[in-house]
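Working through the structure, step by step
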There are 2 protein chains.
Amino acid sequence: MLILGYQHFFCDLEEKLKALDKFQNLITFISQYVDFTGNDLKSIYDKVEIIQLKKNRIFIDEGEIAEKLAFTNKGYLRVYYNFDGEEITRDITPLHTFATALPSFVSQKPSFEVISAITDCELLIIHRNDLEFLYSNYPKWERLGRRIIEEMFVESQRRIYSFITETAETRYKKLLKQYPDMIRDVPLKYIADFLGIKLQSLSRLRKTIEW
Amino acid sequence: MLILGYQHFFCDLEEKLKALDKFQNLITFISQYVDFTGNDLKSIYDKVEIIQLKKNRIFIDEGEIAEKLAFTNKGYLRVYYNFDGEEITRDITPLHTFATALPSFVSQKPSFEVISAITDCELLIIHRNDLEFLYSNYPKWERLGRRIIEEMFVESQRRIYSFITETAETRYKKLLKQYPDMIRDVPLKYIADFLGIKLQSLSRLRKTIEW
DNA sequence: AAGTTTATTTAACAATTGTTAAATGGTTAT
DNA sequence: ATAACCATTTAACAATTGTTAAATAAACTT
């Protein structure tokens, strides 16, 4: 009995260490924004769930109320919506960033956006209620939330500049440069959507590029 | 002396009442996001400065570190940057919203963006230090900041969808519908930039539109 | 391995938007 | 009022991107 207990403790610890290891990317990410001590971080360990999401599986579906926020530990997610019977991909999440159907997440209305896995993904999930709890009880978490969304907004504005000032070719080249792995792992139809052009146009453009 | 004192008190009060009146739009705006009591609001009255910015005057200049956040009480601001000797307008702020050169404001590095007045403007200004003070000392303000930036992010994503899925004509029509006043007060060259097309293309498009 | 599905490319033609240059219209300053 | 400046339109032509349809390539199933 004692030994079993010990055994259990041991396994538990091992599992926790393994989990902590999986939090490394998340910790690195949030440390850019707020100075967290080990103690601050503890407040989140219990609340984060680690899930594996297989390729093409849906993380948040159309019509669903978004209750989950994901941090992409491995793999690529995409955000799209159904438009005229077609899927329009608005975003491909780079590794080690947050993703959710934000309009639904903040308004708690049914989502028009779908989030699904482009490749097999490992996601760190935090539920909205837990996040709200953290926000309400730890000012540092609220600050973190604000800082992260500020950065996301700035990045979003950068993308708008790119639509205004750059040709599709330039946008593609810059994407290649910024996320070389993405092209390897993400089908071109999603890349094309992301760039705001048709798949065939992207294909033509790839052929004529001079390096 | 007594009378002078009384006079002064009277003027001061009147001025304060007048100022409060000017806060109405701001109060309405922030009340969408957080429930504020009169007391909560007091924490900001002293910190807000009301300025008049004449047409074409610059609010935040290139190279400057953005220290000010503006709420547009009257008039339109635009956000642009100098690209190849040309000014590229990324944003035209609708009435009663916040505007600053956010990349500079959050990073405290020199701004590549310029913010200037398209029309005569009345702006409610809050300084970054004061805002940081509010954020640090009143959780409600931090929450407000997060909620507002979340909304701005969602709006920004909507605009990215419009670049991906809509033609310039559709974008123009929707802009007209959403902000009918804007077209009256804002030169078309800025509208064209905002839509991501050239002035001449916008002009051609306006001619051929069927209503 | 053969067959099925999905991803990507190719090509011809259409539509949209950019480019250059000039004309017209409207405002502002002297 | 005239001149000077800025805003908008027009037009011809160029470049980019969309559309449709098909061919090829690659990945997945049985």
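Check the entry above for the structure.
Okay, so let's go over this structure.

The next subject is the protein's contact with DNA strand D. Neighbouring DNA strand D are 15 residues, the closest being Gln 200 and Arg 204 of chain A together with Leu 188, Lys 189 and Lys 207 of chain B. Within 4 Å of the protein, the atoms of DNA strand D are drawn from sugar and phosphate moieties in a proportion of 59%. Between DNA strand D and Arg 204 of chain A there is a distance of 2.9 Å, counted from a base oxygen to a side-chain nitrogen or oxygen. Of all the secondary-structure elements, those providing two or more residues to the surface near DNA strand D are helix H10 (199–208) of chain A together with helix H9 (188–195) and helix H10 (199–208) of chain B. The greatest single-element share of the surface near DNA strand D, amounting to five residues, is contributed by H10 of chain B. Here the surface near DNA strand D is composed, by residue class, of five nonpolar, five polar and five charged.

Turning our attention to the sheet that holds strand S1 (residues 49–53) of chain B. Residues and elements named next belong to chain B. Strand order in the open sheet formed by four strands is S1-S8-S3-S6, with antiparallel pairing between adjacent strands. Single-partner strands in this sheet number two, and they are S1 and strand S6 (98–99). Pairing between strand S3 (residues 68–74) and strand S8 (residues 121–127): six bridges, direction antiparallel. Bridging from a neighbouring strand, Ala 70 pairs with Ile 125 of S8. Packing of helix H2 (residues 24–31) onto the sheet brings it into contact with S3, S6 and S8, and relative to S3 it is tilted by some 110°.

Parameters at a glance
Residues numbered from 1 in each chain as written. Chains lettered and ligands numbered in written order. Predicted model: local features only at pLDDT ≥ 70, side-chain atom pairs only at ≥ 80, totals over all residues. Heavy atoms only, no water. Near = heavy atom within 4 Å. Polar contact = N/O pair within 3.5 Å; in protein donor to acceptor, adjacent residues only side chain to side chain. Helix = DSSP H or I, 4+ residues; strand = E, 2+ residues; numbered from the N terminus. Nonpolar A, V, L, I, M, F, W, Y, C, P; charged D, E, K, R; others polar. Pairing = 2+ DSSP bridges. Contact = heavy atoms within 4.5 Å. Axes fitted to C-alpha atoms, helices over the stretch in contact; angles between N-to-C directions.

Purely spatial values, then, with no claim about function.
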